[in-house]
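Observations on the model geometry
Chain by chain, the residues:
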Amino acid sequence: MIITLKDTTSLEVASRIVALRDDRGATALGRVLTLIIVVPDLIDVDRAIEISDAASREHPCRVIVVVDSGSMDGPARLNAQIRVGDAAGPSDVIVLEPKGEAASALDTLVMPLLLSDTPVVAFWPVTPPANPGEHPLGRIAVRRITDSRETECPLKTLLGLAGSYTPGDTDLGWSGVTLWRALLAAVAHEFPEPPVSALVTGHETHPSSFLVAAWIRRQFGIEVERVTDPEALTITGVHFRFADDSEVSLQRSATSSVAHLHRTGLETADVNLPRRSVQDCLMEELRRLDPDAYYGALLTEELPLLPEARE
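First, a word on what this report is: a plain description of the structure on this page. Quantities reported herein were computed from a predicted structural model and do not represent experimental measurements. (Residues numbered from 1 in each chain as written. Predicted model: local features only at pLDDT ≥ 70, side-chain atom pairs only at ≥ 80, totals over all residues. Heavy atoms only, no water.)

On the secondary structure map, threonine 170 appears in strand S8 (residues 169-171). Judged by its relative accessible area of 2%, threonine 170 is buried. Those residues in contact with threonine 170, other than ones at most four positions away along the chain, are Arg143, Arg144, Ile145, Thr146, Glu285 and Tyr295. (Helix = DSSP H or I, 4+ residues; strand = E, 2+ residues; numbered from the N terminus. Buried < 20%, exposed > 50% of the residue type's maximum accessible area, 1.4 Å probe, protein only. Contact = heavy atoms within 4.5 Å.)

On to the pairing of strand S14 (residues 269-272). Each regular strand carries side chains that alternate between the two faces of the sheet. When strand S13 (residues 258-263) meets S14, the two strands line up antiparallel, connected through four bridges. The residue of S14 that forms the bridge with valine 258 is asparagine 272. Connecting S13 to the next strand, S14, in antiparallel fashion are five residues, including glycine 265 with a positive phi near 90°. (Pairing = 2+ DSSP bridges.)

The subject of this paragraph is the sheet that holds strand S10 (residues 223-228). Spatially, six strands are ordered S10-S9-S11-S12-S13-S14 in an open sheet, and the strand pairing comes out mixed. Strands at the two margins of the open sheet, each flanked by one partner only, are S10 and S14. Each strand of the sheet is rotated relative to its neighbour by a mean of 15°, with strand direction disregarded. As paired elements, strand S12 (residues 247-251) and S13 share four bridges and run antiparallel to each other. Each bridged residue has a counterpart across the sheet, and for valine 248 the counterpart in S13 is arginine 263. Along the sheet, helix H6 (residues 178-188) makes contact with strand S11 (235-241), S12, S13 and S14, crossing S11 at roughly 20°. (Axes fitted to C-alpha atoms, helices over the stretch in contact; angles between N-to-C directions.)

Given a rise of 1.5 Å per residue, 14 residues ought to cover 20 Å, and the 21 Å separating the end C-alpha atoms of helix H2 (residues 45-58) matches this to within 8%. Listed as buried for H2 are Val45, Ala48, Ile49, Ile51, Ser52, Ala55 and Ser56. Buried residues belonging to H2 abut strand S2 (33-39), strand S3 (61-67), strand S4 (77-83), strand S5 (92-99), strand S6 (120-124) and helix H8 (278-286). (Expected span 1.5 Å × (residues − 1).)

In structure tokens form, the structure reads like this:
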């Protein structure tokens, strides 16, 4: 069911939700958080709901999609949609389109719609604010999730986020390389000796290779060279070098979901290493609502030290 409300208020939307709950049952029962998704345009709403639908199957939540166009000209108006039942998947979804002065206080706008006694998570799937922690919706959230990969220059965006980092911030570029980090950590247990250096190859501006390079630098305490692969879409390879000139590498072509593990003196092994969807990354981030201190240190201390990140 989709209910459209024109020239409404947040209180009217909240009242309608209560009435729907009385008619259809306690839809808020079992909700573990409120997920606020901030998009710049109405055309991004359906995609935002699609992403939240998958995530809410693992994390039942109320989803509030806020269309933040950045324009505050004109009189205050609010258009809204309420989606429940099949139209909202396992969640109840509220879409808010503030216009004019109504867009100047987004935190006040969503307050009547937040679930009581549950944490709030803010997610920017398209364009993140310069400082998520100071954004009106970021200030009321325990976690603030961005996706630098969707911006024109992801590396530049990520470095900007590093400069304004607040505990509780995270980026889907980090959860996007979880499988790479897990596999590399498992391979490292079989190293005959500590590596002396590493080489990471990947796309020129996609954050994955930069984040993996920063992670290796912090995890192993070695120098890491990051090289652009002209055919890469994300990250394509990690090469560990040892004092005896042997090498251990994990490589995945731009068009494959299978990586090849090469070890000097041993046969090549194939391992499953698929690319992660936005939904998978978001679900991972929602599994923990406390600040990711390791990511914060990596973003602010290690990433800026990479040579290409300083260019």
